[in-house]
Amino acid sequence: MAKITYQHPNGTVTVVDVEAPNTVMRGAKLNNVEGIEAQCGGSAQCGTCHVYIDPANTLPLPAMDDVEDDVLYGTACERSEFSRLSCQLPVSDAIDGLLVHLPEAQS
Amino acid sequence: MAADSVVVAGAGQAGADTAAALRAKGFTGRITLIGDEPGGPCDRPPLSKGYLTGAVAPEETVLRPPSFYAAQDIELMAGHRVASVDRDRHTVCLASGLRLPYGTLVLATGCRPRTLPVPGASLSGVLTLRGTADAEDLRLRLSGSPKRVVVVGAGFIGLEVAATARGLGHEVTVVEAQPRALARALTPVMAERVVTGHRDAGVRVLLGREVTALYGDGTGRVRVMELDGGERIAADLVVVGIGVVPNTDLALGAGLGVGDGIVVDSHLRTDDPDIYAIGDCARFPSPYAGRHIRLESVQNATDQARCVAAAICGEPAPYTAVPWFWSEQYGLRLQMAGLTAAPDETVTVGDVAGGRFSVLCFRGGLLIGAESLNRPADHGITRRLLAAGTGPSPEAAREPGFDLKTFARPPAPVRGRAPVQERQTTPV
Ligand SMILES: Cc1cc2nc3c(=O)[nH]c(=O)nc-3n(C[C@H](O)[C@H](O)[C@H](O)COP(=O)(O)OP(=O)(O)OC[C@H]3O[C@@H](n4cnc5c(N)ncnc54)[C@H](O)[C@@H]3O)c2cc1C
Ligand code: FES
């Protein structure tokens, strides 16, 4: 179980508890967090689950693979060095307290 | 009156996403989601892919768990069929006889598979694939010893099933009536590459051949398929993927405009301002096609759901989302953006033989879409370019060394750049 915080573009935040083996994407979908569309259901096809990891983050996240890197070229909002696909971020105790920022648009 | 109550007829991708989007937007009225499938809304894409191999577990094909609907105060009536709509009284009547009032009605009834119009089509072992029950039946039949599987129809579902069955070690034949595979969906270059992939994997692909009859053994199980010209092939299992028919009965019965789908305007409204139609069953004016079309994709279902939810919440806007679709066969990533039927010019970039390339499609010198095989960056970039209307010219795309990544934006990630949001946190 991990607490994940999604910060919306207007500054408000939604904090939810997410169980393993879900992903950060699925945590948002299960709690109807607006701003994550995830049209491909988590198969790294659509780029509509784009998030920016908080720059101050120190929690361990898996490295990005080539497919994720490529999919991030197509995000609706500008990609940055903090960009990730939330469907490629598995939830575990190790990322309890993760803060992610949602982009202005996903599609 | 139930002016602020929304009834959604059809609990699939589009219906479930409408209910979720309404709540996410802050809609506080009553939401009733009625669907005739017993399990509630399911995620269909895995049903022709990972579900059949066991890579995707049954519980993962549930779009959202039952607790979601309870938490969001969405009344999910799974296993219920809407039998008719009474527009004058603003009520729907269920097959059980129950009547429910609505302020706004959303028709999200999807499609059903077309069945094979030949003798023997109702033999045991002749299947179509739409819901979880179909997929479970097919999964069980594919789980045993090697069988002779014949897939009728070389569209996406047929080819995905063929790839999956072949991957499980079955002997697979694909029979397609058109002279080429994926004729309506893909350019010849891409379709041919996909067929080559199947042939390389040992699938027999018969193009331009029609099924004329199926014959069973003494117990009513399918055994033989007969093709035009009289050729017979052995078949222990026949999977029919020859397209779908939109579920328009409710709309027809209510006197709404119907013609290969429920006809809606640019705001996805039917002839009745209180009734919308979305997803696979809706025929809408597409700015990308320049005419009314029907699309069968997750993207279209979820984007139309959000469009309608916004309208119900008082933010009406025309539906203009960029169409896109994906397919997976033998682990290959095939993605389509825009509407690529009938381009007048195509430019292929990348490595065709190596299976990593994109076909950029143009009409009148404008980019109208792209098909990508194992080039996800090209796909995503094309979607953004189409949304912005700023694609490359065909001449630019033909320049040696042309790359969409460099055309569209500077190489990413941009070092030292802060994330887009740097705002004050307002705890809630
Ligand atoms: C096997 C398979 C694989 C697919 N793969 C992909 C893919 O890889 N990528 C992609 O983009 N798309 C894919 N699709 C297409 C995608 O799943 C559909 O476009 C999407 O589900 C459409 O959503 P919908 O809500 O319009 O229809 P559906 O999801 O079909 O939902 C409609 C629901 O309404 C119900 N219904 C109909 N009439 C009534 C009534 N009178 N009363 C109550 N309920 C009713 C139906 O039973 C159904 O449950 C696939 C589809 C299938 C079948
Ligand atoms: S959900 Fe589609 S890329 Fe993450």
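Nothing here was measured: the structure is a model prediction, and the numbers come from that model.

A. Main features of the overall build of chain A. Helix and strand content of chain A: two helices and five strands. N-terminal to C-terminal, the α/β element order of chain A is β-β-α-β-α-β-β. Its C-alpha atoms give chain A a radius of gyration of 12 Å, near enough to 13 Å, the size a compact globule of 107 residues would have. Its C-alpha atoms give chain A principal-axis dimensions of roughly 30 × 30 × 25 Å. Burial status across chain A gives 56% buried among its 107 residues. Of the contacts formed within chain A by residues at least 6 apart in sequence, a portion of 64% connects residues at least 24 apart. Counting only carbon and sulfur atoms, one obtains 50% of the accessible surface of chain A, whose full area is about 3,800 Å². Counting 5 positive and 15 negative side-chain charges, chain A places the centres of these two groups 5 Å from one another.

B. Representation of the domain arrangement of chain B within the structure. Domain assignment breaks chain B into domain 1 (2–112 + 244–313), domain 2 (126–240) and domain 3 (331–408). Using only C-alpha atoms to locate each centre, domain 1 of chain B and domain 3 of chain B end up separated by 32 Å.

C. Expanded view of the pairing of strand β16 (residues 237–240) of chain B. Residue and element names in this part refer to chain B. Residues L237 and V239 line one face of β16 and the alternating positions V238 and V240 line the opposite face, and both faces are buried. With two bridges connecting them, strand β9 (residues 126–127) and β16 associate as parallel partners. Within the sheet, the bridge partner assigned to L127 lies in β16 and is V239. Bridging between strand β10 (residues 148–152) and β16 involves four bridges; their strand directions are parallel. The partner of V152 across the bridge, within β16, is V240.

D. Quick peek at helix α8 (residues 298–312) of chain B. Its 15 residues place the ends of α8(B) 21 Å apart at the C-alpha level, agreeing with the 21 Å of an ideal helix rising 1.5 Å per residue. Positioned one or two residues after α8(B), B:G314 has a phi angle of 85 degrees, which is positive.

E. Looking closely at the packing of aromatic side chains. What the rule picks out here adds up to five aromatic pairs over all chains. On the numbers, 5.9 Å between centres and 50 degrees between planes, the contact of B:F402 with B:F407 is tilted. Over the ring of A:Y73 we find A:R79, and its NZ or CZ is 5.2 Å from the ring centre. Here the guanidinium or amino end of B:R383 rests over the ring plane of B:W324, the centre of that ring lying 4.5 Å away.

F. Up close: the sheet that holds β16(B). All names here are of chain B. Overall, parallel pairing links the five strands, which are arranged β9-β16-β10-β11-β12 in an open sheet. Where the open sheet ends on each side, the last strands, each with one partner, are β9 and β12 (204–207). Relative to β12, strand β11 (residues 171–176) is paired through four bridges, and the arrangement is parallel. Paired with V174 across the two strands is V205, which belongs to β12. The strands that helix α4 (residues 132–142) touches are β9, β10 and β16; relative to β16, the one it contacts most, it runs at about 150 degrees. Together, β10, β11 and β16 form the strand contacts of helix α5 (residues 156–167), whose direction differs from that of β11 by roughly 165 degrees.

G. Quick look at the interface of chain A and chain B. On the side of chain B, 46 residues touch chain A, which itself brings 41 residues to the contact. Summed over both partners, the interface of chain A with chain B comes to about 3,700 Å²; 48% of that surface belongs to carbon and sulfur atoms. A per-residue breakdown of the area chain A buries against chain B is headed by A:Q39, A:Q45 and A:Y73, which together make up 22% of the total. Viewed at the interface, chain B and chain A are joined by two salt bridges. For the salt bridge of A:D70 with B:K405, the shortest nitrogen-to-oxygen distance reads 3.0 Å. Taken together, chain A and chain B are joined by twelve residue pairs in polar contact (both at pLDDT 80 or more). Counting only elements with at least two residues in the side of chain A that touches chain B, the list comes to α1 (24–30) and α2 (66–71) of chain A. The class makeup of the residues in the side of chain A that touches chain B is 17 nonpolar, 15 polar and nine charged.

H. Representation of the pattern of salt bridges. All names here are of chain B. Across all of its chains, the model carries 29 salt bridges over all chains by this definition. Ionic pairing is found between D280 and R130, a salt bridge with its closest N-O pair at 3.0 Å. Here D280, found in the loop between β19 (275–277) and β20 (282–286), pairs with R130, found in the loop between β9 and α4; they are 150 residues apart in sequence, far enough to count as distant. With relative accessibility at 12%, the residue D280 sits in the buried group. Among the salt bridges present, the one from R148 reaches D236, with a minimum N-O distance of 2.9 Å. A residue pair is termed long-range when its members are at least 10 positions apart, and R148 in strand β10 and D236 in the loop between β15 (232–234) and β16 qualify at 88 residues. Judged by relative accessible area, D236 falls into the buried class, the value being 13%. Each member of the salt-bridge network shares a partner with another, and the members are R148, D217, R223 and D236.

Basis of the calculations
- Residues numbered from 1 in each chain as written.
- Chains lettered and ligands numbered in written order.
- Predicted model: local features only at pLDDT ≥ 70, side-chain atom pairs only at ≥ 80, totals over all residues.
- Heavy atoms only, no water.
- Helix = DSSP H or I, 4+ residues; strand = E, 2+ residues; numbered from the N terminus.
- Rg over C-alpha atoms; globule rule 2.2 N^0.38 Å.
- Buried < 20%, exposed > 50% of the residue type's maximum accessible area, 1.4 Å probe, protein only.
- Contact = heavy atoms within 4.5 Å.
- Areas by Shrake-Rupley, 256 points an atom, 1.4 Å probe, with all protein chains shown as cover.
- Lys, Arg positive; Asp, Glu negative; His and termini not counted.
- Charge placed at Lys NZ, Arg CZ, Asp CG, Glu CD.
- Domains from an automatic or database assignment.
- Pairing = 2+ DSSP bridges.
- Expected span 1.5 Å × (residues − 1).
- Phe/Tyr/Trp six-rings, centres within 6.5 Å; stacked < 30°, edge-to-face > 60°.
- Lys NZ or Arg CZ within 6 Å of the ring centre and 35° of its normal.
- Axes fitted to C-alpha atoms, helices over the stretch in contact; angles between N-to-C directions.
- Buried area = accessible area lost by both parts, 1.4 Å probe.
- Salt bridge = Lys/Arg side-chain N within 4 Å of Asp/Glu carboxyl O.
- Polar contact = N/O pair within 3.5 Å; in protein donor to acceptor, adjacent residues only side chain to side chain.
- Nonpolar A, V, L, I, M, F, W, Y, C, P; charged D, E, K, R; others polar.

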